[in-house]
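Architecture and fold: a report
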Amino acid sequence: MKHIYMDYAATTPMLPEVAEAMQPYFSRKYGNPSSIHSMGQESRDAVEQARSQVAALIACRPENVVFTGGGTESDNQAIKGVCLAGRGKRNHIITTAIEHHAVLNTCNYMKGLGFDVTVAPVDSCGMVDPDDIKKAITAKTLLVSVMHANNEVGAIQPIEQIGNITGQAGVYFHVDAVQTAGHLPIDVDSMGIDLLSVSAHKLYGPKGVGMLYVREGTRIAPLLHGGEQENERRAGTENVPGIAGFGKAAEIALAGMGEEAGRLTKYRDRLIDSVMGKVADVYLNGHRTSRLPNNTNFSFDFIEGEAILMYLDAEGICASTGSACSSTSSEPSHVLLALGIPVERARGSVRFSLGRWTSGEDVDKVVEALPRIVEKLRAMSPLVKEKCGWINYL
Ligand code: PLP
């Protein structure tokens, strides 16, 4: 069966050009980039070329890029690193209710170490109000961490406005750009960003490699201690094949960014309009326009998202509920709850995230299959709607 993959927000397939760029560094060009001999320098050149390629993606200087083991590590490094280096003087972090667990659980960890954490709310479309961030800043605030776009509902946040606020207040600003880097333009200077997380596998690169942008002058402690790699910011021999692949993926993403975003926005809107038009009691989660070009997220009343996923999967359609990292949890998504969506409705949610190999035919197939599956599941559902809300007859 041919698969229709609509889970690009969870991970993307690696491009053949990326695999090709990685290949020599697995076996033939195996020198350690820290070695002085020519084989070492060959690997060093690959790492430095990739550093320039990923720096171009976010308009920063290559020397401000620290390669990491992925988005989760970048988020941990940013938050723990700044807190550990700055603790004693300031002990307050501000984040938002819709962050990825890589940020939320790291902030919680810092809470256990004595930091105060303010979690800013979002509105019913998943948007952060920059005023809420401004009001939460005190003389004790060290760091604000707000994601560029949400991985579940796709809401794109007013990063530049928040960057202005943190800049004026003299507070570090970390942005989790895992869902946007390579997909939307990013300029760390004009957006007022001090630290920014990127993950290669969300932009058609390999898994297990990412980067953290660190503005010069930022006081940050390393997470890993050992050798002097990455300018003493991340010890350990570099993942040369992964880094080379990340660089190639970044270069390709940057070259085709505008065109691909335009193509996906059309498919996204076609999917949204068709599903909203064909299915009763369906809700679009997230903002209608300030939204990732590839993201759709719907709630279907009276049925469970997992059941929809299983029926879709039986027809070769791969979608998801919640984020990839919490998809095995039976708890409703913390993101949907933060938007004020009732628990029952949050449980009936499905995300379709589009990407490079999504075609118009794929969209049509989902638009045909989804209403049929929803109808079938509703016919079996013990849940019915009454004027005043929900009744469970079981
Ligand atoms: N941040 C966001 C917004 C994400 O969507 C993800 C992955 O889903 C991560 C962080 C974690 O990235 P990684 O899988 O590279 O650890």
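Use the structure listed above.
We now turn to the structure provided with this report. (Residues numbered from 1 in each chain as written. Predicted model: local features only at pLDDT ≥ 70, side-chain atom pairs only at ≥ 80, totals over all residues. Heavy atoms only, no water.)

In terms of helices and strands, the chain carries 12 helices and 14 strands. Radius of gyration (C-alpha) of the chain: 22 Å, near the 21 Å computed for a compact globule of 394 residues. Across the 394 residues in the chain, those meeting the buried criterion constitute 56%. Partitioning the contacts of the chain with sequence separation of at least 6, the portion at a separation of at least 24 is 72%. Carbon and sulfur atoms provide 53% of the accessible area of the chain, an area that totals close to 16,700 Å². Here the chain contributes 38 positive and 45 negative side-chain charges, whose respective centroids are spaced 2 Å apart. (Helix = DSSP H or I, 4+ residues; strand = E, 2+ residues; numbered from the N terminus. Rg over C-alpha atoms; globule rule 2.2 N^0.38 Å. Buried < 20%, exposed > 50% of the residue type's maximum accessible area, 1.4 Å probe, protein only. Contact = heavy atoms within 4.5 Å. Areas by Shrake-Rupley, 256 points an atom, 1.4 Å probe, with all protein chains shown as cover. Lys, Arg positive; Asp, Glu negative; His and termini not counted. Charge placed at Lys NZ, Arg CZ, Asp CG, Glu CD.)

Next up on the list: the pattern of salt bridges. Under the counting rule described, the total for this entry stands at 21 salt bridges. The shortest N-O distance in the salt bridge between K365 and E315 comes to 3.4 Å. Placement of K365 in helix 12 (residues 360-380) and of E315 in the loop between helix 9 (305-314) and strand 11 (317-318) is noted, with a sequence separation of 50 residues between them. We note a salt bridge from E368 to R372, for which the minimum N-O separation is 2.9 Å. Residue E368 and its partner R372 are both found in helix 12; the two are separated by 4 residues, about one turn of the helix. Taking relative accessible area as the criterion, R372 reaches 34% and is therefore assigned partly exposed. (Salt bridge = Lys/Arg side-chain N within 4 Å of Asp/Glu carboxyl O.)

Quick look at the site of the ligand now. Looking at the ligand, there are 13 residues lining it, with G71, T72, D176, S199 and K202 nearest. Contacts to the ligand include T72, whose side-chain N or O atom sits 2.6 Å from an oxygen atom. With respect to the ligand, the side chain of H201 contributes an N or O atom lying 2.9 Å from an oxygen atom. Protein coverage of the free-state accessible area of the ligand, which is 390 Å², stands at 90%. Top contributing element to the shell around the ligand by residue count: helix 3 (residues 71-86), with 3 residues. Across the shell around the ligand, the residue classes break down as 2 nonpolar, 8 polar and 3 charged. (Near = heavy atom within 4 Å. Polar contact = N/O pair within 3.5 Å; in protein donor to acceptor, adjacent residues only side chain to side chain. Nonpolar A, V, L, I, M, F, W, Y, C, P; charged D, E, K, R; others polar.)

Remark: helix 2 (residues 38-57) packs on helix 8 (residues 240-278), axes separated minimally by 8 Å, with the N-to-C direction vectors making an angle of 30 degrees. The crossing of helix 2 and helix 8 is left-handed. Listed contacts from helix 8 to S43, A46, V47, A50, Q53, V54, A56 and L57 of helix 2 are V240, I243, A244, F246, G247, K248, A250, E251, A253, L254 and M257. Each residue belonging to the contact of helix 2 with helix 8 can be placed in one class, and the counts come to 14 nonpolar, 3 polar and 2 charged. (Axes fitted to C-alpha atoms, helices over the stretch in contact; angles between N-to-C directions. Left-handed = near helix turned anticlockwise from the far one by under 90°.)

We now examine helix 3. For helix 3, which comprises 16 residues, the first-to-last C-alpha distance of 22 Å matches the rise-based estimate of 22 Å (1.5 Å per residue) to within 8%. Of all 16 residues in helix 3, 14 are buried, a share of seventy percent or more. Just downstream of helix 3, G88 is the residue with a positive phi angle, here 105 degrees. (Expected span 1.5 Å × (residues − 1).)

Our next topic: empty space enclosed by the protein. According to the stated counting rule, one finds 2 cavities of 30 Å³ or more in the structure shown. In this structure, the largest cavity occupies an estimated 260 Å³ of space. Along the walls of the largest cavity sit 21 residues, with G182, H183, Y204, E260 and L264 positioned nearest its centre. Across the lining of the largest cavity, the residue classes tally to 11 nonpolar, 7 polar and 3 charged. A domain-level breakdown of the lining of the largest cavity finds at least three residues from each of domain 1 (4-10 + 257-392) and domain 2 (16-253). Considering the residues around the second largest cavity, the lining is formed by V66, Q77, L212, V214, I220, A221, P222 and R233. (1 Å grid on protein atoms, 1.4 Å probe; cavity = no way out; pocket = protein on both sides within 12 Å on 5 of 7 lines; lining within 4 Å. Points joined across faces, edges and corners; volume = space filled by probe spheres on them. Domains from an automatic or database assignment.)

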